[in-house]
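# Tertiary structure, described
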Amino acid sequence: MPSQPFIDSALARSRQLDDRLPLIANERRSSIAEIARDGIPSGKLETWKYTPIQPFFASPFAEAGASTSTQHRASFLSFAGAVPIEPAAPLPSVAGRIGVSLDPLHSPLNADLDLTRYPLALLNTALLEEGLVIRVAPGVDAGALDLRFATGSGAASVSRVRVELGIGSRLRLIEQRNEDRPTNSVLDIRVGPRAFLQHTRVLPPTTAAGWYLVSVHVEADATYDLIGHSMGSATRRNDIHVRLDGRHASANIDLACAAHRRDRLDHQTVVEHIGVDTVSRQLVHGIAAGSSELTFNGRIHIHPNAQRSDARLTNKNLLLDKKARINAKPELEIYANDVKCSHGATVGQIDPVQVFYLRARGLDEAAARAMLTRAFLAGRMTPWLLEAGVLDVYAELLAT
Amino acid sequence: MSAHSPALLEVTDLHVDVAGKAILKGLNLSLAVGEVSALMGPNGSGKSTLANVIAGRPDYVVTRGSVRYLGASLTELEPEARARIGVFLAFQYPVEIPGVSNMEFLKAALDAQHKARGEEALSAVEFMKTVRGVAATLDLSPEFLKRGVNEGFSGGEKKRNEILQLLMLQPKLAILDETDSGLDIDALQTVAAGVNRFRGAGNGILLVTHYQRLLDYIKPDTVHVLADGRIVKSGDHSLALKLEQKGYGWITDAA
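Note that the coordinates shown come from a computational prediction; the quantities given were computed from them, not determined experimentally.

Regarding its fold elements, chain A presents seven helices and 18 strands. Split into buried and exposed, the 400 residues of chain A put 57% on the buried side. Counting contacts in chain A only where the partners sit at least 6 residues apart, residues at least 24 apart contribute 83% of the total.

Time to look at the overall build of chain B. Secondary structure summary: chain B contains nine helices and twelve strands in total. In terms of C-alpha radius of gyration, chain B reaches 18 Å, essentially the compact-globule figure of 18 Å for 255 residues. Oriented by its inertia axes, the alpha-carbon framework of chain B measures out at about 55 × 40 × 40 Å. Excluding contacts between residues fewer than 6 apart, the proportion of contacts in chain B whose partners are at least 24 apart in sequence is 70%. For chain B, the accessible surface area stands at approximately 10,800 Å², while carbon and sulfur atoms represent 52% of it. One way to put it: in chain B the 27 positive side-chain charges average out to a point 2 Å from where the 30 negative ones average out.

Turning our eyes to something else, we now look at the sheet that holds strand E7 (residues 183–191) of chain A. Residues and elements named next belong to chain A. Here we have nine strands laid out as an open sheet, ordered E2-E3-E5-E7-E9-E11-E13-E15-E17, and mixed in their pairing. A strand with exactly one partner marks an edge of an open sheet, and here the two such strands are strand E2 (100–103) and strand E17 (325–334). Strand after strand, the sheet turns through a mean of 10 degrees between neighbouring axes, direction not considered. In this structure, E2 lies alongside strand E3 (residues 130–136), joined through four bridges in antiparallel fashion. Note that in E3 the partner of Val100 across the bridge is Val136.

The subject of this paragraph is the sheet that holds strand E9 (residues 173–177) of chain B. Residues and elements named next belong to chain B. Overall, mixed pairing links the six strands, which are arranged E6-E9-E10-E3-E11-E12 in an open sheet. Taken across any chain shown, the strands that pair with only one partner, and hence form the sheet edges, are strand E6 (87–90) and strand E12 (230–235). Strand-to-strand, the axes of this sheet are offset by a mean angle of 20 degrees, without reference to chain direction. Across four bridges, the pairing between strand E3 (residues 36–40) and strand E10 (residues 204–208) is parallel.

On to the domain arrangement of chain A. Residues and elements named next belong to chain A. Taken domain by domain, chain A holds domain 1 (4–349) and domain 2 (351–400). Taken over C-alpha atoms, the centre of domain 1 sits 29 Å from the centre of domain 2. Carbon and sulfur atoms supply 74% of the area that domain 1 and domain 2 bury against each other, a total of about 1,800 Å² over both sides. The tally of links between domain 1 and domain 2 comes to one salt bridge. The partner of Arg380 in a salt bridge is Asp254, with the nearest N and O atoms 3.0 Å apart. Counting across the domain 1 and domain 2 interface gives six residue pairs in polar contact (both at pLDDT 80 or more). Mapped onto the side of domain 1 that touches domain 2, the elements with two or more residues apiece are strand E6 (170–177), strand E8 (196–203), strand E10 (223–231), strand E12 (250–259), strand E14 (279–288) and strand E16 (310–319). Tallying contributions element by element places E12 first for the side of domain 1 that touches domain 2, with five residues. Class assignment for the residues of the side of domain 1 that touches domain 2 results in 14 nonpolar, ten polar and four charged.

It is worth spelling out the packing of helix H5 (residues 365–378) of chain A against helix H7 (residues 390–399) of chain A at this point. Two numbers describe a pair of packed helices, the interaxial angle and the distance between the axes. All names here are of chain A. In the contact formed by H5 and H7, the axes pass within 10 Å of each other and the chain directions differ by 140 degrees. Where H5 crosses over H7, the two elements pack in a sense that is right-handed. Residue-level inspection shows Thr373, Arg374, Leu377 and Ala378 of H5 in contact with H7, the latter providing Leu391, Asp392, Tyr394, Ala395 and Leu398. Here the residues of the contact of H5 with H7 are counted per class, giving six nonpolar, one polar and two charged.

Contacts between the two partners involve 17 residues from chain A, matched on the other side by 33 residues from chain B. For the pair chain A and chain B, the summed buried surface comes to about 1,900 Å²; carbon and sulfur atoms form 66% of the total. If you look at where chain A meets chain B, you find three salt bridges. One salt bridge connects Arg359 of chain A with Glu80 of chain B, and the closest N-O pair in it is separated by 2.7 Å. Connecting chain A to chain B are eleven residue pairs in polar contact (both at pLDDT 80 or more). Those elements that place two or more of their residues in the side of chain A that touches chain B are helix H4 (352–359) and H5 of chain A. In terms of residue class, the side of chain A that touches chain B is made up of ten nonpolar, two polar and five charged.

The subject of this paragraph is helix H6 (residues 155–169) of chain B. Residues and elements named next belong to chain B. Over its 15 residues, H6 extends 21 Å from the first C-alpha to the last, a length consistent with the 21 Å expected when each residue adds 1.5 Å. Within H6, 14 of the 15 residues are buried, leaving the element largely enclosed by the surrounding structure. One or two positions beyond H6, positive phi appears at Gln170, with a value near 45 degrees.

This part takes up the pairing of E6 of chain B. All names here are of chain B. Residues Val87 and Leu89 line one face of E6 and the alternating positions Phe88 and Ala90 line the opposite face, and both faces are buried. Of the strand pairs in this sheet, E6 and E9 are connected by four bridges, and their pairing is parallel. Within the sheet, the bridge partner assigned to Val87 lies in E9 and is Leu173.

About the thresholds
- Residues numbered from 1 in each chain as written.
- Chains lettered and ligands numbered in written order.
- Predicted model: local features only at pLDDT ≥ 70, side-chain atom pairs only at ≥ 80, totals over all residues.
- Heavy atoms only, no water.
- Helix = DSSP H or I, 4+ residues; strand = E, 2+ residues; numbered from the N terminus.
- Buried < 20%, exposed > 50% of the residue type's maximum accessible area, 1.4 Å probe, protein only.
- Contact = heavy atoms within 4.5 Å.
- Rg over C-alpha atoms; globule rule 2.2 N^0.38 Å.
- Areas by Shrake-Rupley, 256 points an atom, 1.4 Å probe, with all protein chains shown as cover.
- Lys, Arg positive; Asp, Glu negative; His and termini not counted.
- Charge placed at Lys NZ, Arg CZ, Asp CG, Glu CD.
- Pairing = 2+ DSSP bridges.
- Axes fitted to C-alpha atoms, helices over the stretch in contact; angles between N-to-C directions.
- Domains from an automatic or database assignment.
- Buried area = accessible area lost by both parts, 1.4 Å probe.
- Salt bridge = Lys/Arg side-chain N within 4 Å of Asp/Glu carboxyl O.
- Polar contact = N/O pair within 3.5 Å; in protein donor to acceptor, adjacent residues only side chain to side chain.
- Nonpolar A, V, L, I, M, F, W, Y, C, P; charged D, E, K, R; others polar.
- Left-handed = near helix turned anticlockwise from the far one by under 90°.
- Expected span 1.5 Å × (residues − 1).

What follows is the structure in structure tokens.
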């Protein structure tokens, strides 16, 4: 059971937040009732084996903060090249983007989420501070959308964004997070038939604890591409759940992450093949330095009717220090008989012959190791990520 | 050159262990400034070990003897410190480094050496201009500079890339470890032309090779034969020609 004081303060906080997102008031209350009834999941949960869940059910998530002031709103939304706009009610129309709408969140929030697996989504519902729905109309190519989360005034950042792509539409979603506060974030995505979503996300280092869920439904002939970068923090947990619902639905997940000092960085992916002829690719690169602990659990689940599914998962890790730790666990669960599946994980160290080659050209050992560490992630960079300096952020992180 | 000025390289009674096994067993060798010396010998005689130990390969252990460079001991120096004072090893098996472009690697190496010597770094523009010019003389296209270091290079490209580094870094002592192996005749000529461009009165070259073929293109001043961890015979270019006719047996058996 969560402590009564936590439930009480969560209830008080949820009432305080009603003004901000009025359409979900009832759902907030029922979520808190569920948390009070079911209790905090025990430490024995397999999915939370390496990262403790308890800190996410505690203050400061339920602490009172700024209530209705829009001055310190944490999230900003902008189309590339445009001035940032705030998703304050009433939501502004998106100038120049016909076929894109921004709407307030409304109940029911959790119809597409697996609440048994993600109990923190209930807490997200109860304590939501920021939220909106982004819709792209059928057939529209919406270009790039910049979704930024910056430092706000509250004790914690609790946000939810729902993204819906209509039939045959396209969107590039660029998600950048700089909350630097305890965070509970849900991104709930539906990629309609024949639609294409390219999602780039950057989670730079912070000192706060954060839980981030990306839940995606991919319908027939649609594609979801994710390029995700995540750096260490005290405790950072990324859950990524993709359901390939329709025939020929596909997903490409390309993740990279690095942890240092005493960071705990935990990625858990689930890719469900539900429709026939569905395709998924997962490529995950991880670097653990210092005394950090890096966890990757990647699960591929092929449902009974998902014949001719094609799923691949590759996890490559670089261990930089003796005290660092890497937990790599690929999982396959297959209930169809005509499928192609492969998975593999490797953990390696920097090659001493490469280090000698660089030193023999005049680079000192630290510079040589830094160059080789950078090289491990260089192939994961897109022009946008290079421009944004993401490779340098990794280098800086691993140099300290 | 004055008789009192120190040799570019002076190896005295050198004993080296690799993985607990004695490879060099009392090797003596001297190379003067301005001299090109060929080091020949059968497989397993210790040629590559000598080349690597001069460059400072960490797992090669000097158990006795000395390696002096312009009069100063090298053996205590880190590999990068040796590189910065002008020691260069062209690797027998150049290492592939995916994710680091050849250009980035060359610039970093050059910058590190300039900085250590208190010299001004080349600007990006000067560097690009220089490296493109040098690459062209080795039949290497600008595209080649953008690729990962040695990544997917052919054997010939890897060796030409070593010579590119030699010409860019301009060391005083160049040790070329079987730079001719795996090269066809055209590539061999290109590589030899590069080495001959580098060759000068202010530097010295140690050519480690199995075959006399390379020496048709790079004429050595001296030839040394290494067998079982020691120099067993020294001479001029005619020694290499004799080895080609008669093999190593007549020397190593006598030794």
